[in-house]
Amino acid sequence: MKKFLALFLAAFMVLAAVGCGNQPAQSDNDNKGTGIANQQLSMGTASSGGAYYVIGTGFAEVLTSHIPELNVTAEITDGSVANIRLVSDGDCDIGISNADAVQYALDGTAPYNSVQDVQVLCALHSSIWHVVTTENSGISSIADLKGKKVAVGPAGGGSVAALEVVLQAYGMTLDDITPTYVSYDDGITQLTDGQVSAALAMAGMPAAAVSSMAATSKVVMVSIDDEHMKKIQEIAPYYNAVTVPAATYNMDSDAVTIGVKNIIYVSSRLDDATVYEMTKTLVENLDELKSYHSAIKDVTKEGLADVGKFPLAAGAEKYYVEAVSYTHLRAHETRHDL
């Protein structure tokens, strides 16, 4: 009940428009013990029905409850790709995205037209690309999506970015399907109502939207075969093969799909001392954060700093170096190997 109330209150505070509100970077210097200024911060998450919003709410609540100077709110957004723009443009202070989107942002390549202003705080779990359909849809492979109406997730979300790569591996493009850009929850609703033939979600396991379908309907998850998995990894090596156990959604068999690590990042507008305190609080209260979603149950304190070759925000790097002997840190590189 406590977690339900917390999530309800967080959702109530979301702005009417999708995206983060413009928050003041700092309010005053009435410090309460950590040496940082009082600040109202916002965190870009995603639509309802995925893990990002739940984890983002937990992240915001952990920071707010353990750092007296911070009041952090989680905001519903269009997800992975959109969050980077929101943070870079100053509409959010913190964001969470798939590692591929972060790399595009740091390189300034499509879907971004310039280098984005994001600095990495930590790594989390992997998001799993779900392609969900029904028993009577006639869809048993990715190739079968051709000519079908598909709920692909929010336009700025990670599910669409992954879809474009997968379709390329299968010799198709978005023009070969009829996409509807809706939240994961709405996509599953469209699927069960017969409005679309398949629905996508890029989320930690178990994805809330897919679990809700499993509670009332038979879930069929489309797999990627070995031949096309190799092609996908040639196009986008940051994607790894993931097996989704049948028991996850009461399916008849396991499914094989792609996954990608998730990254939390901050704006350079946040000072190093604030980022240091945020990192310290996250590490010291990781078990509390894990209580919000099972997708992050296996994340370790060492794993938080395992961001590959992404450059860490200076405040985060300072804490990791001081607190633990993170010998795998590779600060100030420009590529990653997630």
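Going by the structure above, here's the rest.
Engineer: Explanation requested: the side chain of Gln116 in the structure shown.
Structural biologist: Summarising the element assignment, Gln116 is placed in the loop between α4 (99-107) and β4 (119-133). Note on Gln116: relative accessible area 9%, which makes it buried. The contact partners of Gln116, leaving out residues within four places of it in the chain, are Ile84, Arg85, Ser88 and Ala105.

Engineer: I would appreciate a short explanation of the environment of Asp298 in the present structure.
Structural biologist: Here Asp298 shows up in the loop between α10 (286-290) and α11 (301-304). Between the C-alpha atom of Asp298 and that of Leu124, which follows or precedes it by 174 residues, the distance is 9.2 Å. Reaching out from Asp298, the side chain makes a polar contact with the side chain of Lys297 at a distance of 3.2 Å.

Engineer: Please explain the environment of Leu145 as it appears in this structure.
Structural biologist: Topologically, Leu145 is positioned in the loop between β4 and β5 (149-151). Taking C-alpha positions, Leu145 is 9.8 Å from Met172, a pair spaced 27 residues apart along the chain. Here Leu145 is in contact with Val131, Ile139, Val150, Asp176, Ile177 and Ala198, once residues within four sequence places are set aside.

Engineer: Would you explain helix α3 (residues 80-88) in this entry?
Structural biologist: Residues lying three or four places apart along an α-helix face the same way, a consequence of the helix completing one turn every 3.6 residues. Judged by how many residues are buried, α3 sits mostly within the fold: eight of nine residues are covered. Turning to α3, its buried residues number three or more, namely Ser80, Val81, Ala82, Asn83, Ile84, Leu86, Val87 and Ser88. In the core, the buried residues of α3 are packed alongside β1 (39-44), α2 (51-66), β3 (94-98), α4, α5 (158-169) and β10 (255-266). Phi for Gly90, located one or two positions after α3, is positive at around 90°.

Engineer: How should I be thinking about the pattern of salt bridges in this particular structure?
Structural biologist: Any two side chains of opposite charge can pair, given that their charged atoms come close. Under the counting rule described, the total for this entry stands at six salt bridges. For the salt bridge of Asp252 with Lys218, the shortest nitrogen-to-oxygen distance reads 2.6 Å. Of the two residues, Asp252 sits in the loop between β9 (240-244) and β10 while Lys218 sits in the loop between α7 (208-214) and β8 (220-221), which places them 34 residues apart along the sequence. Lys318 is the partner of Glu322 in a salt bridge, and the nearest nitrogen-oxygen pair spans 2.8 Å. One end of the pair, Glu322, and the other, Lys318, are both in helix α12 (residues 314-323), four residues apart, so they sit about a helical turn from each other.

Engineer: In this structure, what is going on with the pairing of β3? I would like to understand it.
Structural biologist: For a regular strand, the rule is simple: side chains alternate between the two faces of the sheet. Most of β3 is tucked away: five of the five residues are buried. Residue alternation in β3 divides its side chains into two sets, Ile94, Ile96 and Asn98 and Gly95 and Ser97, and both sets are buried. The pairing of β1 with β3 spans two bridges and is classified as parallel. Residue pairing across strands places Gly44 opposite Gly95, the latter belonging to β3. Note: β3 against β10, five bridges, orientation antiparallel. Its bridge partner being in β10, Ile94 is matched across the sheet by Val266.

Engineer: Would you mind going over α4 with me for this structure?
Structural biologist: Across the nine residues that make up α4, a large majority, seven, are buried. The elements touched by buried residues of α4 are α3, β3, β4, α5 and β10. Looking one or two residues beyond α4, the residue adopting positive phi is Gly108, at roughly 70°.

Engineer: Got a minute to help me understand the packing of aromatic side chains in this structure?
Structural biologist: Each pair of aromatic rings is reported with the distance of its centres and the angle of its planes. Under the defined criterion, the tally for this structure stands at four aromatic pairs. Measuring from centroid to centroid gives 5.1 Å for Tyr238 and Tyr239, while their planes differ by 75°, and the two rings are edge-to-face. For the pair formed by Tyr238 and Tyr239, the shared burial category is buried. Ring-pair connections join several aromatic residues into one group, and the members of that group are Tyr104, Tyr238 and Tyr239.

Engineer: Quick question: what am I supposed to make of unusual backbone geometry here?
Structural biologist: Note: most peptide bonds trans; most residues except glycine with negative phi. Residues Ala110 and Pro111 are joined by a peptide bond in cis, for which omega reads 15°. Here Pro111 is to be found in the loop between α4 and β4. The step from Met205 to Pro206 runs through a cis peptide bond, and the omega angle for that step is -5°. Backbone geometry places Asn250, a non-glycine residue, at a positive phi of 55°. According to the relative accessible area criterion, Asn250 is exposed, its value standing at 54%.

Engineer: Whenever I open this one, the pairing of β1 confuses me. Can you help?
Structural biologist: In terms of burial, β1 is largely enclosed, as five of its six residues are buried. Summarising the sheet, β1 and strand β2 (residues 70-75) pair through six bridges and their orientation is parallel. Across the sheet, Gln39 pairs through a bridge with Leu70, a residue of β2.

Basis of the calculations
Residues numbered from 1 in each chain as written. Predicted model: local features only at pLDDT ≥ 70, side-chain atom pairs only at ≥ 80, totals over all residues. Heavy atoms only, no water. Helix = DSSP H or I, 4+ residues; strand = E, 2+ residues; numbered from the N terminus. Buried < 20%, exposed > 50% of the residue type's maximum accessible area, 1.4 Å probe, protein only. Contact = heavy atoms within 4.5 Å. Polar contact = N/O pair within 3.5 Å; in protein donor to acceptor, adjacent residues only side chain to side chain. Salt bridge = Lys/Arg side-chain N within 4 Å of Asp/Glu carboxyl O. Pairing = 2+ DSSP bridges. Phe/Tyr/Trp six-rings, centres within 6.5 Å; stacked < 30°, edge-to-face > 60°.

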